[in-house]
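# Coordinates in review
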Amino acid sequence: MRTVELVLKPEEAFDEEIFNALLYNRLGLKQDGSAFVRPVKRSIDARSKNVVVRIQCEIVRPDEVTPLLSYEKPFKNVATGNPVVVIGSGPAGLFAALRLIELGFKPIVLERGNDVQARRRDLAAINKDHIVNPDSNYCFGEGGAGTYSDGKLYTRSKKRGDVRRILEILVAHGATGDILFDAHPHIGTNKLPRVVTALRQSILNAGGEIHFNTKVIDLILERDVITGVVIHNGAKVSGEAVVLATGHSARDIFQLLHDKKIMIETKAFALGVRVEHQQNLIDQVQYHCFPDRGDYLPASSYALVHQASVNGNERGVFSFCMCPGGFIVPAATAPGEIVVNGMSPSRRDSKFANSGIVVAVDHKDFANFNRHGPLSGLYFQASIEQKAWHVAGGTQAAPAQRLVDFVEGKVSSGLLETSYQPGLTSVDLKEVLPPIIINALKQGFRNFGIKMKGYLTNEAQVVGVESRTSSPVKIPRDTVSLEHPQIKRLFPCGEGAGYAGGIVSAAIDGERCAEAVVQKIKA
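Predicted model, so just to flag it, every value in this text is computed and none were measured.

### Overview of the side chain of Glu466
Topologically, Glu466 is positioned in strand β20 (residues 461–466). In terms of polar contacts, Glu466 uses its side chain to reach the side chain of Arg274, at 2.8 Å. Sequence-distant contacts of Glu466, that is, excluding residues within four places in its chain, are made with Ala270, Leu271, Gly272, Val273, Arg274, Phe320, Val340, Asn341, Gly356 and Val358.

Okay, here's the thing in structure tokens:
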């Protein structure tokens, strides 16, 4: 086996009908079984005026060929196996459940929200009628926050074997095979629900349980050991361990832990706005193209960072969850608050590009909330979201300003067309965000306008607030056993506990926690 790199034109690299045959042709190989070509990585190189696509390929002899997917769906039946309670059916919870099945244990998954199809009605209600279901929304429900807010699979994790395994499991459950080699893999909000449904079916087929509209309201403790949970109707669900994979917005769970004097910690996060441009403008900047990117190049993205100086201290300002060809969505989890996030369909064919632009905040920034102890960041976060709701008029219409107006401190006389379905209200965002955030964002946008000519324009607008970048709380765990240091057999997991940031890293952490559970029980 040897690895080679090809440089292709976009119309060659992204035309599915000719892509595979073209690889053989460029390498001077026949498709007669004498050798096989597999793409390993596909990445866009836009550093020069003419954009090209770099393809790393493996050329494999017939005797070296291995299956494309090493993963096989679990077939062992665990219906009578030792039960383990998994709270939450986001990627951490679902992948923990699948791994438990592989290891011979029965997962009982408890999800406060609706299944992935019924969840659509809850999203329609918040978009069209401004009604927030606190248990089923863009954050809560089957598949977690990522299901209806983009489906990006890019991760900074260096554990390539673990990453490959997660991607293979997704492909085995219906994701397209190109996520195995695209440099920035992406399933898309429109396709991810089908994958999530297939993951659920694998769990059920193997004898696991998944219960929707099932909210955990208490933990069952016997001294310092957790033995189960109490759900909304008073019923008790017992297990030999509990995997806590509730996501970054489960404020009631954080409050429950604090009330029961179970150790949690405050955690830094990031706060800011979501900026929306015309996708064509971003394409022209990134691809050096005019009038548009053509038929084959995907909608372009960007990643920006700046160190702002505020009151003599440096503040990181950075892009977060950039959604090319996407939409801004309402991600509130309770009435009386405004939260925005971004999503992209698989084709990324919206005329808008949006990205979170956020500023790092830590315990010094929410010192006024110290009376809440380790929940100080959570209460600070909630206060900003509630202020956004009040200032914008008390619906899910979001506060907004045109970009240059924001930087210059002017209220916009009119706003632009937007992808944000509940609508926008023109306000001065300094009424919503603290001065340190406003100051840092202004410096960041000025810097980004230098780095990307045309970025700082009044033909873009900022929408508030981007506040759920990560959990404001960390649930501690032992670095080796992954068990909570105070409560035995409690395994904090995924993004909500502070150990992941995105679909793939959360899935990896779910598998790690499942393995830790089994090791604990068997010991």
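### Some points on helix α6 (residues 192–205)
Structurally, the α-helix is built with 3.6 residues per turn, so residues lying three or four positions apart point the same way. The end-to-end C-alpha distance of α6, which contains 14 residues, comes to 20 Å, matching closely the 20 Å that a straight helix rising 1.5 Å per residue would cover. For α6, the complete set of buried residues consists of Leu192, Pro193, Val195, Val196, Leu199, Arg200, Ser202 and Ile203. Positive phi appears at Gly207, one or two residues downstream of α6, with a value of about 95°.

### Some details on helix α4 (residues 119–128)
Among all positions in α4, only Arg119, Asp122, Leu123, Ala125, Ile126 and Asn127 are buried. Those residues of α4 that are buried lie in contact with β15 (327–330). Just beyond α4, the residue with positive phi is His130, at close to 65°.

### Some thoughts on the side chain of Gln279
Within the secondary structure layout, Gln279 lies in helix α8 (residues 279–287). Residue classification places Gln279 among the buried residues on the basis of a relative accessible area of 2%. Every residue in contact with Gln279, bar those within four places of it in the chain, is listed here: Arg293, Ala299, Ser300, Pro324, Gly325, Ser350, Lys351, Phe352 and Ala353.

### Overview of the packing of helix α7 (residues 251–259) against helix α9 (residues 376–391)
Closest axis-to-axis distance for the α7/α9 pair is 12 Å, and the angle between their directions is 145°. Here α7 runs over α9; the crossing is left-handed. Across the interface between the two elements, Arg251, Phe254 and Gln255 of α7 pack against Leu378, Tyr379, Gln381, Ala382 and Glu385 of α9. Class assignment for the residues of the contact of α7 with α9 results in four nonpolar, two polar and two charged.

Thresholds, definitions, all that
- Residues numbered from 1 in each chain as written.
- Predicted model: local features only at pLDDT ≥ 70, side-chain atom pairs only at ≥ 80, totals over all residues.
- Heavy atoms only, no water.
- Helix = DSSP H or I, 4+ residues; strand = E, 2+ residues; numbered from the N terminus.
- Polar contact = N/O pair within 3.5 Å; in protein donor to acceptor, adjacent residues only side chain to side chain.
- Contact = heavy atoms within 4.5 Å.
- Expected span 1.5 Å × (residues − 1).
- Buried < 20%, exposed > 50% of the residue type's maximum accessible area, 1.4 Å probe, protein only.
- Axes fitted to C-alpha atoms, helices over the stretch in contact; angles between N-to-C directions.
- Left-handed = near helix turned anticlockwise from the far one by under 90°.
- Nonpolar A, V, L, I, M, F, W, Y, C, P; charged D, E, K, R; others polar.

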